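Residues per chain, in single letters:
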Amino acid sequence: MSHRVVVLLSGSGSNFAAIAAAARAGTLPIDIRAVVSDRPDAYGLERARALHIDAVAVPLKDHPDRAAHDRALMAAIDRYDPHLLVCAGYMRIFTPAFVQHYAGRMLNIHPSLLPDYKGLHTHHRVLVDGARTHGCSVHYVTEELDGGPLVGQAVVPVKPEDTEEALAERVHRAEHQLYPEIISWHATGRLTLVGDVVHVDGVPLTMPARRTYPDV
Ligand code: GAR
């Protein structure tokens with residue numbers, strides 16, 4: 001049975017592209033049924049169309065408030081009956097009803113080594129702090145912003161000469177490897193959430209899986 005995935009994004013969609021490439025290459029056993037965005041002009045929607053994947057915009061301005069917008073998003077997503085909802089650069093905060101609806105089947109990627117640097121502008125804040133390492137985290141989404149149970153992280157070095165752009169690009173390259181791997185665990189039934197504890201192969205995860213990639 002194919003593992004139906006819907007991707008939710010607001011921007012460029014490079015993570016979506018990496019996930020779609022892995023699916024196409026046969027290393028990630030999923031069927032991306034649709035890409036859904038709050039922004040009709042998101043480049044990620046264009047990427048989806050180019051791959052003949054349904055691209056659906058649900059603009060906030062068409063709805064009276066966030067709750068109504070999230071309900072419309074849920075309706076758009078549930079048409080595809082996903083096993084997994086993959087947030088890949090979706091830049092809005094979900095209502096509790098949305099989070100509860102997808103409990104245990106919604107992953108997010110965040111550009112920092114959580115719990116450090118929750119929120120926005122992570123690369124800038126890392127550089128201002130003079131941190132030596134940075135990275136990205138994949139976690140289940142809960143009502144706590146950037147606070148859901150962690151599944152995996154990739155660590156990247158911060159170089160003395162780094163600009164915000166150079167660092168962001170390095171983190172992106174790590175994201176493009178980490179996210180497909182974690183999604184494959186979900187697709188093959190290896191990854192589950194039991195209460196608020198992540199299990200891999202039936203064993204509770206005491207620490208997120210850590211990756212370093214030589215080529216980032
Ligand atoms: C990624 O770096 C992702 O970690 C981040 O948005 C970027 C999307 O890039 N997500 C967040 O900041 C969520 N809080 P992409 O559109 O090129 O995949």
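As a reminder, the structure under discussion sits directly above these lines.
About the thresholds
Residues numbered from 1 in each chain as written. Predicted model: local features only at pLDDT ≥ 70, side-chain atom pairs only at ≥ 80, totals over all residues. Heavy atoms only, no water. Near = heavy atom within 4 Å. Polar contact = N/O pair within 3.5 Å; in protein donor to acceptor, adjacent residues only side chain to side chain. Helix = DSSP H or I, 4+ residues; strand = E, 2+ residues; numbered from the N terminus. Nonpolar A, V, L, I, M, F, W, Y, C, P; charged D, E, K, R; others polar. Salt bridge = Lys/Arg side-chain N within 4 Å of Asp/Glu carboxyl O. Buried < 20%, exposed > 50% of the residue type's maximum accessible area, 1.4 Å probe, protein only. Pairing = 2+ DSSP bridges. Axes fitted to C-alpha atoms, helices over the stretch in contact; angles between N-to-C directions. Contact = heavy atoms within 4.5 Å. Phe/Tyr/Trp six-rings, centres within 6.5 Å; stacked < 30°, edge-to-face > 60°. Parallel < 35°, antiparallel > 145°, perpendicular 65-115°, else oblique. Left-handed = near helix turned anticlockwise from the far one by under 90°.

1. A word on the site of the ligand
Right, on to step 1. Around the ligand lies a shell formed by Ser12, Gly13, Ser14, Asn15, Gly89, Met91, Ile109, His110, Pro111, His172 and Glu175.
Right, on to step 2. One of the backbone nitrogen or oxygen atoms of Ile109 is found 3.5 Å away from an oxygen atom of the ligand.
Right, on to step 3. Within the side chain of His110, an N or O atom sits 3.5 Å from a nitrogen atom of the ligand.
Right, on to step 4. For the shell around the ligand, the secondary structure elements donating two or more residues are helix H1 (14–25), strand E5 (106–110) and helix H6 (164–187).
Right, on to step 5. Its residues assigned to classes, the shell around the ligand comprises 3 nonpolar, 7 polar and 1 charged.

2. Some thoughts on the pattern of salt bridges
Right, on to step 1. All told, the structure shown has 10 salt bridges when counted by the stated rule.
Right, on to step 2. The residue Arg33 makes a salt bridge to Asp31 at a minimum N-O spacing of 4.0 Å.
Right, on to step 3. We note a salt bridge from Asp38 to Arg92, for which the minimum N-O separation is 2.8 Å. Taken together, the residues Asp38 in the loop between strand E2 (30–37) and helix H2 (43–50) and Arg92 in the loop between strand E4 (84–87) and helix H4 (96–101) connect sequence positions 54 residues apart.
Right, on to step 4. On the basis of relative accessibility, which here comes to 5%, the residue Asp38 falls in the buried class.

3. Here we look at the sheet that holds strand E3 (residues 54–57)
Right, on to step 1. Strand order in this open sheet of 8 strands is E3-E2-E1-E4-E5-E6-E7-E11, and the pairing throughout is mixed. Looking at strand neighbours, the two that pair on one side only are E3 and strand E11 (209–211), the edges of this open sheet. The mean inter-strand angle of the sheet, taken between neighbouring strand axes irrespective of direction, is 20°.
Right, on to step 2. Two strands pair when backbone bridges link them, and E4 and E5 are joined in this way by 3 bridges, in the parallel orientation. Bridge pairing in E5 places Cys87 opposite Asn108.
Right, on to step 3. Running over the sheet, H1 touches strand E1 (3–9), E2, E4 and E5 and is turned about 160° from E2.

4. Looking at the packing of aromatic side chains
Right, on to step 1. Applying the stated rule across the entire model yields 3 aromatic pairs.
Right, on to step 2. Between Tyr90 and Phe94, the aromatic rings sit 5.3 Å apart at their centres with planes inclined by 10°, giving stacked as the arrangement.
Right, on to step 3. By relative accessible area, Tyr90 is classed as buried at 7%.
Right, on to step 4. Taking the centre distance of 4.4 Å and the plane angle of 0° together, the rings of Phe94 and Phe98 count as stacked. Considered together, Phe94 and Phe98 belong to a single accessibility category, that of buried residues.
Right, on to step 5. Grouped by ring-pair contacts, the aromatic residues Tyr90, Phe94, Phe98 and Tyr102 constitute a single cluster.

5. Describing the packing of helix H5 (residues 122–129) against H6
Right, on to step 1. One way to put it is that H5 packs onto H6 with a least axis distance of 9 Å and a crossing angle of 120°. With respect to each other, H5 and H6 are oriented oblique. Where H5 crosses over H6, the handedness of that crossing is right-handed. In this structure, H5 contributes His123, His124, Val126 and Leu127 to the contact, and H6 contributes Glu164, Leu167, Ala168 and Val171.

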